[in-house]
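# Reading the structure
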Amino acid sequence: MENGKLKIVTIGGGSSYTPELMEGYIKRKDQLNIGKIVLVDIPEGEEKLNIVGAMAKRMVKAAGLDWEVELTLDRFEALKNADFVTTQFRVGLLDARVKDERIPLSHGVLGQETNGAGGMFKAFRTIPVIGQIIDDMRVQCPDAWLIDFTNPAGIVTEAAIKHFGWEKTIGLCNVPINHVTTVAEKLGVEKEDLHFRFAGLNHFHWHRVWDKDGNEITDKVIELLYGQEDAESDLKNIHDASFHVEQLRDLKMLPCGYHRYYYIEDEMLQHSIEEFKGGKTRAQVVKETEKRLFELYKDPALDYKPEELTQRGGTHYSDAACEIIASIVNNKGTQMVVSTRNNGTITDLPYDCIVEVSATIDSRGANPENWGAFMPAARGMIQLMKAMEETVIRAAIDGDYNAALHAFTINPLVPGGKLAKRILDELLYAHKKHLPQFADKIAEIEKDEDIVSYVDELMKSN
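What this report covers is the structure whose coordinates are included nearby.

Definitions and cut-offs
- Going along each chain's sequence as written, the residues are numbered from 1 onward.
- Whole-chain, interface and lining totals are the exception, using all residues; otherwise, since this is a predicted model, local features are given only for residues with pLDDT of at least 70 and side-chain atom pairs are given and counted only at 80 or more.
- Only heavy atoms go into the side-chain values, all of them from the structure, while hydrogens and water stay out.
- Exposure categories follow from relative accessible area, calculated using a 1.4 Å probe and restricted to protein chains: below 20% of the type maximum is buried, above 50% is exposed, and the middle band is partly exposed.
- Secondary structure elements are defined from DSSP: runs of H or I of at least 4 residues count as helices, runs of E of at least 2 residues count as strands, and each element is numbered from the N terminus.
- When DSSP locates at least two bridges between a pair of strands, those strands are taken to pair.
- With axes taken as lines fitted to C-alpha atoms, and helix axes fitted only over the stretch in contact, angles between N-to-C directions fall between 0 and 180 degrees.
- Reported orientations rely on four angle classes, namely roughly parallel under 35 degrees, roughly antiparallel over 145, roughly perpendicular from 65 to 115, and oblique for the rest.
- Every residue pair with non-hydrogen atoms within 4.5 Å of one another is taken to be in contact.
- Note on residue categories: nonpolar means Ala, Val, Leu, Ile, Met, Phe, Trp, Tyr, Cys or Pro, charged means Asp, Glu, Lys or Arg, and polar means any other residue, Gly included.

In summary, the side chains of a regular strand alternate between the two faces of the sheet. Burial analysis of strand 11 (residues 354-362) places 8 of its 9 residues in the buried class, the great majority of the element. Taken together, the 2 bridges between strand 7 (residues 195-201) and strand 11 define a ladder with antiparallel strand orientation. Opposite Ala199, over in strand 11, you have Val357 as the bridge partner. Sheet topology note: the strand 10 (residues 334-341)/strand 11 ladder contains 8 bridges and is antiparallel. Paired with Met336 across the two strands is Ala359, which belongs to strand 11. Relative to strand 12 (residues 365-368), strand 11 is paired through 4 bridges, and the arrangement is antiparallel. Paired with Ile361 across the bridge in strand 12 is Ala366. Hairpin remark: strand 11 followed by strand 12, antiparallel, with 2 residues in the connecting loop.

And the structure:
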């Protein structure tokens, strides 16, 4: 703390989500004795940092608060005496996401931010940076909490806790929040009248539901949400292909929206390919949305979060991060869905791995609610996905090409064989600026004129 007040540092402070983060703090002004909020970014993001930072200051002023909002490109100095560090950065900015999507899709393979080849490459770029942030935190704020909502959040949280040793890390995702809201709306009840239990991995979890009298109503909700022809996704950033309700009846669990990529792979892939051919992959759409948002943010009269931000796809992330902080500070015992150590919560997975589960958040951090075992159909999938995540982390930290290829091979959304290797090599070349740990292998790949010319030509049409 500084002068007895909280200091909160946000890495990736120039993000379009920052206004929601500020709104979340302001909503909890009576729970959080904040003295300073520091928004940190990199030189490439300085313009956005200045725009959204000015808006953040206007929001604080409009709320009648005396909080100091500082903008800086000096991460190390910013972290000094921080109580909480939140992360919402994207290594390589949105242009990197465009590559993650377009290169695999050019081969008829899914390109997506957190799933398949694109998700693994986002992890390759992000994990080393999380390690660097933690190195800085050890010196500047050794007692701080790290609240990560940088994707892929579960993998990043596992790297932070298991490999970089920062036990006070909690990963966060907005997807469970969307699911809870949707179920309550469909049932016509308040969220507080329902009890949810989530278990799985980030973007690969399932959940069950009980009513206020303790009766499980999961089967009823499955029929309500997916037993009708007009079923719709509650996620704005992925195609709303319809689940096969017969499969969900067998699972007796509600799926994560991202399970569409695995349960309805053919339709999801075809939709993504059509977007690619039309020059409208999700990353390209998001770039256009962000451009409009930052034009709004420039308005000197705007001192509140605009409604347009909900179209960005990750709404609720930031507000949930604020609630975690408030619950830790005030020992509130709020029930949330977070990425944290398994500690036996899911018996089908390693004890010390990171899972995404329902947990109580208090001054100790995240205290997961026991789940037990999955049925075989779910157990097999989640064990494969966890093994893939562990292999991705090893490749990211060590710059191990062999491990990266193995991760591609076992990922359910990447075809094995020569095609997997080709896509891996193309993405390594495309992202060479942000993958120094793979420098030797990338230098070798750059000798392949076919790969170089193919990627360069493809990205001209970005």
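Next, the rest of the story.
Interaxial distance between helix 7 (residues 175-187) and helix 8 (residues 218-226) falls to 11 Å at its minimum, and their mutual angle equals 85 degrees. Classified by the angle their axes make, helix 7 and helix 8 are roughly perpendicular. Residues Thr182, Val183, Lys186 and Leu187 of helix 7 touch helix 8, and the partners they reach there are Lys220, Val221, Leu224 and Leu225. In the contact of helix 7 with helix 8, the residues fall into 5 nonpolar, 1 polar and 2 charged.

Structural measurements only, silent on function.
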